[in-house]
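If you want the building blocks of each chain, they are given just below.
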Amino acid sequence: MDPVVLFFVFGLVAGLLKSELKLPAALYETLSIILLLAIGLHGGVELAEQASVQLLGQAGLVLLLGIGLPLLAFVLLRGLRFDRVNAAAVAAHYGSVSAGTFAVVVAFLVSRQISFESYMPLFVAILEIPAILVGILLAKGVSRGTDWKELGREIFLGKSIMLLLGGLVIGAVAGKEAIKPLEPLYTSMFKPVLAFFLLEMGLIASSQLGALKQFGLRLAAFALLMPLLGALVGALLARFMGLSLGGTAMLATLAASASYIAVPAALRLALPEANPSLSLTASLGITFPFNILIGIPLYLALAEQLIAWGL
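Per an unreviewed UniProt entry, the chain is named Sodium-dependent bicarbonate transport family permease, and its organism is Aquipseudomonas alcaligenes.

Listed below in structure tokens is the structure:
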């Protein structure tokens, strides 16, 4: 098991044992900023060298993926008898992505010397947005009471989107040579920062598991089934797009992940009547640990199998 994943396990166990261990809030915020900027910078540098019409078409397909995933999640949740508003709110989280999970799959593939398309951070930014809008429409349609201006500001100017897109733009404009002094952000510094980030995520995830007593097996079943379905859809789309083994595993992982930063912030404005503990318990308490501990190696095996079948 990768050492950075063991940091997550350490945090999860410490939290479940009610330890007093806790990272300062300012440090956690700083680690999040560094990770998102590093991902964006690396993607921007490579994007400048690989921009093409083909990439534009792939971005369009990924956008459709961001619309389709919350629809699939919504159907599953309604089938499990969740009410419309909460089903739409949870579905929005699962149509979006987890930047933390993306950082882990990057480290996982790099440690195994598996190459992948370096413009993948662009897909992370694309997948953050459409699921929020789909979730709102599923919950209440187009309502006069929705403050679209404020909601748009929360979506497009939120921290995670701004950091990813800001890093992408800086990396693309500066180019590989000019950005070299900052390369440690996404090379030698990346895994140590990720390790401390995952330690805190383990502590946070442990605090969400208690809500299962209230919401029961239905929520747990969804939070384990949806990543598997999302990964299958993402992997098949990646093969259709002609992505490499690493790119297929990465898009499968993105499709399997669930947001716990950007979407909760946006839905606080748009759907205040939704129960946030449902979404956070599912995405952060169940799906995130599942993906980190089991899912990512599974999605790589899925990518290998699809390629072996000639898909």
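**Q** Teacher, can you tell me more about the overall build of the chain here?
**A** Across its full length, the chain carries 14 helices and 0 strands. The helix and strand sequence of the chain, counted from the amino end, reads α-α-α-α-α-α-α-α-α-α-α-α-α-α. Since a compact globule built from 311 residues should have a radius of gyration of about 19 Å, the 18 Å found for the chain is in line with a globular shape. In terms of principal-axis extent, the alpha carbons of the chain reach across some 50 × 45 × 45 Å. Counting over 311 residues, the chain shows a buried share of 55%. Within the chain, contacts between residues at least 6 apart in sequence are counted, and of these 88% link residues at least 24 apart. When the accessible surface of the chain is split by element, carbon and sulfur atoms take 68% of a total near 13,300 Å².

**Q** Help me understand the nonpolar core in this model?
**A** Most often, soluble globular proteins have nonpolar side chains that are buried together. In this structure, Tyr94, Phe102, Phe123, Leu194, Phe197, Leu251 and Leu254 are the most contacted members of the largest nonpolar core, which totals 99 residues. Membership of the second largest hydrophobic core comes to 7 residues, among which are Ala231, Ala252, Tyr299 and Leu306.

**Q** Looking at this model, I keep getting lost on the side chain of Thr287. Mind explaining?
**A** Looking at the element boundaries, Thr287 is found in helix α14 (residues 276–308). Excluding its chain neighbours within four sequence positions, the residues that come into contact with Thr287 are Tyr94, Ala223, Pro227, Ala256 and Ala282.

**Q** Looking at this structure, how should I read the pattern of salt bridges?
**A** Side chains that differ in charge, positive against negative, can pair when their charged atoms come close. Applying the stated criterion across every chain yields a total of 1 salt bridge. We note a salt bridge from Lys180 to Glu177, for which the minimum N-O separation is 3.6 Å. The class of Glu177 is exposed, set by a relative accessible area of 59%.

**Q** Looking at this structure, how should I read the environment of Tyr28?
**A** The residue Tyr28 is located in helix α2 (residues 25–50) in this model. A C-alpha to C-alpha distance of 9.2 Å links Tyr28 and Met201, two positions 173 residues apart in sequence. Those residues within four positions of Tyr28 in sequence are excluded, and the remaining contacts are Phe197, Glu200, Met201 and Ile204.

**Q** Quick question: what am I supposed to make of the packing of helix α4 (residues 84–95) against helix α7 (residues 130–140) here?
**A** For any two helices packed against each other, one specifies the crossing angle of their axes together with the interaxial distance. One can describe the packing of α4 onto α7 by two numbers: an axis separation of 8 Å at closest approach and a directional angle of 170°. When the interaxial angle is binned, α4 and α7 end up roughly antiparallel. Along its contact with α4, which presents Arg84, Val85, Ala88, Ala92 and Gly95, the element α7 presents Ala131, Ile132, Gly135, Leu138 and Ala139. Classifying every residue of the contact of α4 with α7 gives 7 nonpolar, 2 polar and 1 charged.

**Q** Looking at this structure, how should I read α7?
**A** Along an α-helix, residues three or four apart share an orientation, since each turn contains 3.6 residues. Within α7, 8 of the 11 residues are buried, which leaves the element mostly enclosed by the surrounding structure. What α7 keeps buried is the set Pro130, Ala131, Ile132, Val134, Gly135, Ile136, Leu138 and Ala139.

**Q** I tried to follow the UniProt feature "transmembrane region" (unreviewed entry) in the chain on my own but got confused; where do I start?
**A** Mapped onto the present numbering, the UniProt feature "transmembrane region" (unreviewed entry) falls at residues 55–77, 89–110, 122–143, 155–174, 194–212, 219–238, 250–271 and 278–302. Structurally, residues 55–77 comprises 100% helix and 0% strand, and the distance from its first C-alpha atom to its last is 33 Å. Spanning residues 89–110, this segment combines 86% helix with 0% strand, and its end C-alpha atoms are found 34 Å apart.

Conventions used here
- Position numbers for residues start from 1 in each chain and track the written sequence from start to end.
- Since the coordinates come from a predicted model, pLDDT governs what is reported: local features require at least 70, and pairs of side-chain atoms require 80 or more to be given and counted, while whole-chain, interface and lining totals use all residues.
- Where side-chain values are given, they derive from all heavy atoms of the structure, hydrogens and water being excluded.
- Secondary structure elements are defined from DSSP: runs of H or I of at least 4 residues count as helices, runs of E of at least 2 residues count as strands, and each element is numbered from the N terminus.
- A radius of gyration in this sense is built from C-alpha atoms; the matching globule rule multiplies 2.2 Å by the number of residues raised to 0.38.
- Only protein chains enter the calculation, and the probe is 1.4 Å; a residue is then buried if its accessible area is under 20% of its type maximum, exposed if over 50%, and partly exposed in between.
- Contacts: residue pairs with any heavy atoms within 4.5 Å of one another.
- Throughout, the Shrake-Rupley method with a 1.4 Å probe supplies accessible areas, and for residues the shown protein chains are the sole cover considered.
- Among buried residues, those of type Ala, Val, Leu, Ile, Met, Phe, Trp, Tyr and Cys that are joined through side-chain atoms within 4.5 Å constitute a nonpolar core.
- One side-chain nitrogen of Lys or Arg within 4 Å of one carboxyl oxygen of Asp or Glu is enough to make a salt bridge.
- All axes are obtained by fitting lines to C-alpha atoms, using only the stretch in contact for helices, and the reported angles, taken between N-to-C directions, cover 0 to 180 degrees.
- Angle categories are assigned with fixed cut-offs, so that under 35 degrees is roughly parallel, over 145 is roughly antiparallel, 65 to 115 is roughly perpendicular, and the rest are oblique.
- In the scheme used here, Gly and all other residues not listed as nonpolar or charged are polar, with Ala, Val, Leu, Ile, Met, Phe, Trp, Tyr, Cys and Pro taken as nonpolar and Asp, Glu, Lys and Arg as charged.
- UniProt positions are given in the numbering used here, feature names are shortened, and annotations may be inferred rather than shown by experiment.

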